[in-house]
Amino acid sequence: MSTPFLSVRDLTVDFHTEDGVVHAVDGLSFDVEKGTTLGIVGESGSGKSVTNLAVLGLHNPETAKISGEIRLDGEELIGASRSTMERLRGNKVAMIFQDPLTSLSPYHTIGRQIGEVFRRHTGASRAASRDRAIEMLTRVGIPQPKVRVDDYPHQFSGGMRQRAMIAMALVCDPDLLIADEPTTALDVTVQAQILDLLRDLQEQTGTAIIMITHDLGVVAGTAHEVLVMYAGRAVERGTVREVLREPRHPYTWGLLTSMPRLSAPVDVPLLPVRGTPPSLVNVPPGCPFHPRCDYTDLAGPELCRSERPELSPHRGHGDACYLTLAQKREIVR
Amino acid sequence: MKETGTGSAAGKAAEPLLELSGLEKHFPVTGGFVFKRQVGRVHAVDGIDLTVHAGETLGLVGESGCGKSTTGRLVARLLEPTGGAIRYGGRDITHASRRELKPIRSEIQMIFQDPYSSLNPRHTVGGIIRGPMEVNGIDPPGGRDRRVRELLEIVGLNPEHYNRFPHEFSGGQRQRIGVARALALNPRLIVADEPVSALDVSIQAQVVNLLQALQRELGIAFLFIAHDLAVVRHFSQRVAVMYLGKIVEVADRDSLYRRPRHPYTHALLSAVPEVEADPAAASTAGPRERIRLAGDVPSPIDPPSGCRFRTRCWKAQEKCASEEPPLVRLEGNREGHLTACHFPEAPTVHGDDVVLDPALA
């Protein structure tokens, strides 16, 4: 098997704060292949955004301590120089953020903001980068791109701004696109448009996508592989089908049973996960989920409380839990 | 007093708790550099009729800017309506004065979306929940403090936390404080404006379950405003869909979700990304087709003529631009299932529906 396009191994990100060390990401490993989408699911504070900012090299080295390995197309990113990262960002890896209004500059036209990225990386002329901006706006489905290229962000609606963000991220044909909650701020009908657009663009260009979201529905519709994160760690990994159809980790079960669904019969009671997520300054020892888990007695309370479970098996559908597969099948039934 | 609009037979014959008729809220848009003058109006809520019966939940869904939050604020009389009428318990409270509203304020309470900004950071939890009782001069038996502790327990918080401040609580816990405050005056109607959308999935379910338990035990009616169609379906008995200040469809839950007749409702439902609960169950609910709406919601300052959805509707014809479709019961619909459309969708399932005209089915 060839080496994956992005390979993250034992990634750890700590922040030193007044309250103590925040263990935002703790020993995370995953791969993303070209042309596929990895969905990273987790609640706020699970470390999903921090992970991806590390891939982009956007953490402040003074406050964040990063260790482990991040290999993008064979190139090591941790400890890479500023100029290396600047070359890679935009060209090889690009990002779209949740809130398109705050991530676009209100003082510059949409066309200029898209063109600037292109100019910076290719050295193209102003005229050429304007043409490129129009071409990109056309690709992301903005009506009348030749006119709208001179608009300012406030003249665009929320959905159009997100399209403009996508255009900006894709202007240099990156091989990896990181989308951090790209549709959370949008209405459902617009969300559907944007997710369709990302899917179409991936089919055309073969870009790898990391889709960060809290919405399992979005993951179901867009991702090939899924990584479920809890308290800075991966608790389950597998294909969409495996994770959503045959989930193995009690936290994934909790996410699925606490979500009302249109396809489920009405009046199926919601079964929430009890308690609240832990503070990342004070992550519980052993399995970080054990204080909220209903199955520690079955798995061995001593083990859950003292030893940290690893994702197993190492390849394919794996989860970090001490319950045996037979026990899980019994519970799910 | 006035008879109920639909005049339906058994059960619902009782007078509704809340009745909105032709309710309107237009906000002025001002322009001009030195002298502000009105240059237009935002038609936030533009003539809606709704009823909420005692003890039931009416879900109100729609996209951002459709006027659902404004409707909630009008009902709680936090905004002054510019037209139409609000009747509560048979009394017209549309333009009631502060004094006239006083006894009613305690019966209509609100839960807000953002548990961070809706609690005063300088007040203790006890003070926040006592607040409504102090303002309204209510002395529950056993004293206000005891009542506060009781309320904290009802919403699943530790009564010992009486003297803590909001920042010491997580988002879900803060929302519970907001719920306790709303319950302090024994309301009959709670307007819940996106009460769970700022919360994480696992916490969201805790709060939804809490609200459902409260409704069961205390018989409180809810106007449940949310954009999440699955949450609304889970929580509401009846659901109204809003688009650009108008109600486009209203029906009991099953009828609306299984047999949407308005193209907009249909499109909304098909746009929800879903984890199929179980392939077998999904097939009974009918195959999910995908409808993709083009474009965005038009501006409420200058809404389209006729049917407001026509600019994004794939079925729009000339009639839609010239004539506004009334919100009526269509043939093939159950009683109480009202749709405002000239060219409604065929009912997707016609099991228990009353199909009057087979050609429509």
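Residues numbered from 1 in each chain as written. Chains lettered and ligands numbered in written order. Predicted model: local features only at pLDDT ≥ 70, side-chain atom pairs only at ≥ 80, totals over all residues.

Asks: Whenever I open this one, the overall build of chain A confuses me. Can you help?
Replies: In terms of regular secondary structure, chain A is built from 14 helices and eleven strands. Burial analysis of chain A (333 residues in total) assigns 48% to the buried set. For chain A, the share of sequence-separated contacts (at least 6 apart) that also reach a separation of at least 24 residues comes to 63%. (Helix = DSSP H or I, 4+ residues; strand = E, 2+ residues; numbered from the N terminus. Buried ≥ 20, exposed ≤ 12 C-beta atoms within 10 Å, placed from the backbone. Contact = placed C-beta atoms within 7 Å.)

Asks: Sorry, what's going on with the interface of chain A and chain B here?
Replies: A common way to express how large an interface is: the accessible area buried when the components associate. Each partner contributes to the interface: chain A provides 37 residues, whereas chain B provides 38 residues. Residue assignment for the side of chain A that touches chain B shows that the elements contributing at least two residues are helix 8 (188-205), helix 9 (216-222) and helix 11 (250-257) of chain A. Ranked by residue count, the leading element in the side of chain A that touches chain B is helix 8 of chain A, at eight residues.

Asks: Please explain the environment of Arg37(B) as it appears in this structure.
Replies: Here Arg37(B) shows up in strand 2 (residues 37-52). The contact partners of Arg37(B), leaving out residues within four places of it in the chain, are Thr30(B), Gly31(B) and Gly32(B).

Asks: What exactly am I supposed to notice about the pairing of strand 10 (residues 246-252) of chain B here?
Replies: A regular strand places its side chains on the two faces of the sheet in alternate fashion. All names here are of chain B. With six of seven residues buried, strand 10 lies mostly within the body of the structure. Bridge count for strand 9 (residues 238-243) against strand 10 is six bridges, and the pairing is antiparallel. Bridging from a neighbouring strand, Val241 pairs with Glu249 of strand 10. Linking strand 9 to strand 10, which pair antiparallel, is a turn of two residues; within it Leu244 sits at a positive phi near 50 degrees. (Pairing = 2+ DSSP bridges.)

Asks: Is there a simple way to think about helix 5 (residues 171-183) of chain B in this case?
Replies: Owing to its 3.6 residues per turn, the α-helix brings residues three or four apart onto one side. Residues and elements named next belong to chain B. Across its 13 residues, helix 5 extends 19 Å between first and last C-alpha, which sits within 8% of the 18 Å expected from 1.5 Å per residue. Counted residue by residue, helix 5 has twelve buried out of 13 residues, so it is predominantly covered. Among the residues making up helix 5, those that are buried are Gly172, Gln173, Arg174, Gln175, Arg176, Ile177, Gly178, Val179, Ala180, Arg181, Ala182 and Leu183. Of the surrounding elements, those touching the buried residues of helix 5 are strand 6 (108-111), helix 3 (125-135), helix 4 (144-154), strand 7 (189-193) and helix 6 (201-218). (Expected span 1.5 Å × (residues − 1).)

Asks: Help me out: how do you make sense of the domain arrangement of chain A in this one?
Replies: Residue and element names in this part refer to chain A. Here chain A is partitioned into domain 1 (6-92 + 174-332) and domain 2 (101-173). Inter-centroid distance (C-alpha atoms) of domain 1 to domain 2 is 30 Å. Facing the 13 residues of domain 1 at the interface are 13 residues of domain 2. Sorting the residues of the side of domain 1 that touches domain 2 by element identifies helix 2 (82-91) and helix 8 as the ones contributing at least two each. For the side of domain 1 that touches domain 2, the element with the highest residue contribution is helix 8, accounting for six residues. Per-class residue counts for the side of domain 1 that touches domain 2 are nine nonpolar, four polar and no charged. (Domains from an automatic or database assignment. Nonpolar A, V, L, I, M, F, W, Y, C, P; charged D, E, K, R; others polar.)

Asks: Quick question: what am I supposed to make of the environment of Val266(A) here?
Replies: Residue position: Val266(A) is located in the loop between helix 11 and helix 12 (296-299). Along the sequence, Val266(A) and Ala299(A) sit 33 residues apart, while their C-alpha atoms lie 33 Å from each other. When sequence neighbours within four positions are dropped, the list of residues in contact with Val266(A) reads Arg233(B), Arg253(B) and Asp254(B).

Asks: I tried to follow the nonpolar core on my own but got confused; where do I start?
Replies: In this structure, Ala167(A), Val228(A), Leu189(B), Leu223(B) and Phe224(B) are the most contacted members of the largest nonpolar core, which totals 184 residues. Per element, the largest residue contribution to this core is eight residues, and it comes from helix 7 (residues 158-170) of chain A. Counting contributing residues, this core receives three or more from each of domain 1 (6-92 + 174-332) and domain 2 (101-173) of chain A. (Core = buried A, V, L, I, M, F, W, Y, C linked by C-beta atoms within 7 Å.)

Asks: Please explain the sheet that holds strand 7 (residues 176-180) of chain A as it appears in this structure.
Replies: Residues and elements named next belong to chain A. Spatial strand order, 6-7-8-3-9-10-11: seven strands in an open sheet with mixed pairing. Each of the sheet's edge strands pairs with one partner strand only, and the pair in question is strand 6 (93-96) and strand 11 (318-319). Note: strand 3 (residues 37-41) against strand 9 (residues 225-230), four bridges, orientation parallel. Bridged to Leu38 within strand 9 is Glu225. Contacting strand 6 and strand 7, helix 7 runs over the sheet at an angle of about 170 degrees to strand 6. (Axes fitted to C-alpha atoms, helices over the stretch in contact; angles between N-to-C directions.)

Asks: Can you help me understand the environment of His214(A) in this one?
Replies: Tracing the backbone through its elements, the reader meets His214(A) in the loop between strand 8 (208-213) and helix 9. Using a count of 18 C-beta atoms within 10 Å as the deciding quantity, one classes His214(A) as partly exposed. Considering only alpha carbons, one finds His214(A) and Glu43(A), 171 residues apart in sequence, at a separation of 5.8 Å. Contacts of His214(A), omitting those with residues within four sequence positions, involve Val41(A), Gly42(A), Glu43(A), Asp200(B) and Val201(B).

Asks: Just to check I follow, could you spell out unusual backbone geometry for this structure?
Replies: Most peptide bonds take the trans configuration, and most residues that are not glycine carry a negative phi. In this model, Ser312(A) is joined to Pro313(A) through a cis peptide bond whose omega is -5 degrees. Mapped onto the elements of the fold, Pro313(A) is located in the loop between helix 13 (301-306) and strand 11. You will see that Gln144(A), though not glycine, has its phi angle at about 50 degrees, which is positive. You can see Gln144(A) is positioned in the loop between helix 5 (126-139) and helix 6 (145-148). On the neighbour-count criterion, Gln144(A) (10 C-beta atoms within 10 Å) is exposed. Positioned with a positive phi, Leu244(B) is a non-glycine residue whose angle comes to about 50 degrees. Inspection of the secondary structure assignment puts Leu244(B) in the loop between strand 9 and strand 10.

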